[in-house]
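# Notes for the structure review
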Amino acid sequence: MKFLIENAKRAQTFLSSRICITSLGTDINNVNVVGGADVSYKKDWGCATAVAYNIKSDSILSYATYCDKVSIPYIPGFLAFREAPLIIKALNKLLNKVHIEVLFINGHGLAHPRKFGIASHIGLIFNMPSIGIAKNLLYGDIVLRDNREAIVVENTVVGYVLVINSHRIYVTIGHRITADEAASLAMRTWKKGYALPEPIRLADEISRKEVKKSAANL
DNA sequence: GCGACAG
DNA sequence: ATCTTGTCGC
């Protein structure tokens, strides 16, 4: 089936109504395992990596990868249609081994033209709490609130801009979590000196090595 | 038409 | 995202 922008837009608009901006339920301080997912490429060959990171022991519990040829190009606002197929496969392999309490996705959640970025997309598919972690803003306004830079979409705070020295990241609600919880978890797993929180940084690092390994098969 | 534009 | 070695800056 061919990828059509108009169909993708309708799907996103419809699915965004299923997103929950509810509290994680458990106290942020009791979260132990956070997942992280990212994709790296070589031309049209992509490798997705899903990692399970233990906050308390500051170590990777497990990880899984999945590589395949991608046919849909990167189009701002439709990243999920390109990357989700790979992430879903890698995530299923990971979940077959370990349990994760919340998932970080490289990209946005509700800071999206139709409030359905890849973090919301993946979170909804797995019915799991998810958070979008991005290095650049795609959509939304930055507003100062209580001395913090909030990301606002349709008069709703969907996330926050987090800063550590020269690094800036955009953290937004994916699914089943609040903006404050998302920001707290991202900050809690973000080590000084790195551009991204550990779960995402590790997924990025592993997928980059993986794409080089599988590059020999091309 | 012009500018913006996750990875 | 990716192409890419050494090099300038915090």
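Heads up: these notes are all about the structure in this document. (Residues numbered from 1 in each chain as written. Chains lettered and ligands numbered in written order. Predicted model: local features only at pLDDT ≥ 70, side-chain atom pairs only at ≥ 80, totals over all residues. Heavy atoms only, no water.)

Of all nine residues making up strand β9 (residues 167–175), seven are buried, and the element is well covered by its neighbours. Both strand β5 (residues 130–134) and β9 contribute to a ladder of five bridges, which runs antiparallel. By the bridge assignment for β9, Ala 134 is matched with Tyr 170. As defined by bridge partners, strand β8 (residues 156–164) adjoins β9 across six bridges and the pair is classed as antiparallel. Residue Ile 164 lies in a different strand from β9, and its bridge partner there is His 167. Where β8 hands over to β9, the hairpin turn is made up of two residues, of which Asn 165 adopts a positive phi near 50 degrees. (Buried < 20%, exposed > 50% of the residue type's maximum accessible area, 1.4 Å probe, protein only. Helix = DSSP H or I, 4+ residues; strand = E, 2+ residues; numbered from the N terminus. Pairing = 2+ DSSP bridges.)

All residues adjacent to DNA strand C are Ser 40, Tyr 41, Lys 135 and Arg 208. Contact distances for DNA strand C include 3.3 Å between a phosphate oxygen and a backbone N or O atom of Tyr 41. In the model, a phosphate oxygen of DNA strand C is placed 3.2 Å from a nitrogen or oxygen of the Lys 135 side chain. Split into classes, the residues belonging to the surface near DNA strand C amount to one nonpolar, one polar and two charged. (Near = heavy atom within 4 Å. Polar contact = N/O pair within 3.5 Å; in protein donor to acceptor, adjacent residues only side chain to side chain. Nonpolar A, V, L, I, M, F, W, Y, C, P; charged D, E, K, R; others polar.)

With that out of the way, let us pick up the protein's contact with DNA strand B. Residues in close proximity to DNA strand B total 18 residues, the closest being Tyr 74, Gly 77, His 108, Lys 135 and Asn 136. Each atom of DNA strand B within 4 Å of the protein was classed as base or backbone; sugar and phosphate made up 49%. Here a base nitrogen of DNA strand B sits 3.2 Å away from a polar atom, N or O, in the main chain of Ile 118. When grouped by side-chain class, the residues that make up the surface near DNA strand B number eight nonpolar, seven polar and three charged.

Core analysis: the biggest nonpolar cluster contains 40 residues, and Ile 131, Ile 133, Leu 162, Val 171, Ile 177 and Leu 185 have the highest contact counts within it. For this core, the elements supplying multiple residues, two or more each, are β4 (102–106), β5, β7 (148–153), β8, β9, α4 (179–188) and α5 (198–213). A per-element tally of this core places β8 first, with six residues. Contacts of Ile 177, omitting those with residues within four sequence positions, involve Cys 20, Ile 21, Thr 22, Leu 24, Val 102, Ser 130, Ile 131, Ala 182 and Leu 185. (Core = buried A, V, L, I, M, F, W, Y, C linked by side-chain atoms within 4.5 Å. Contact = heavy atoms within 4.5 Å.)

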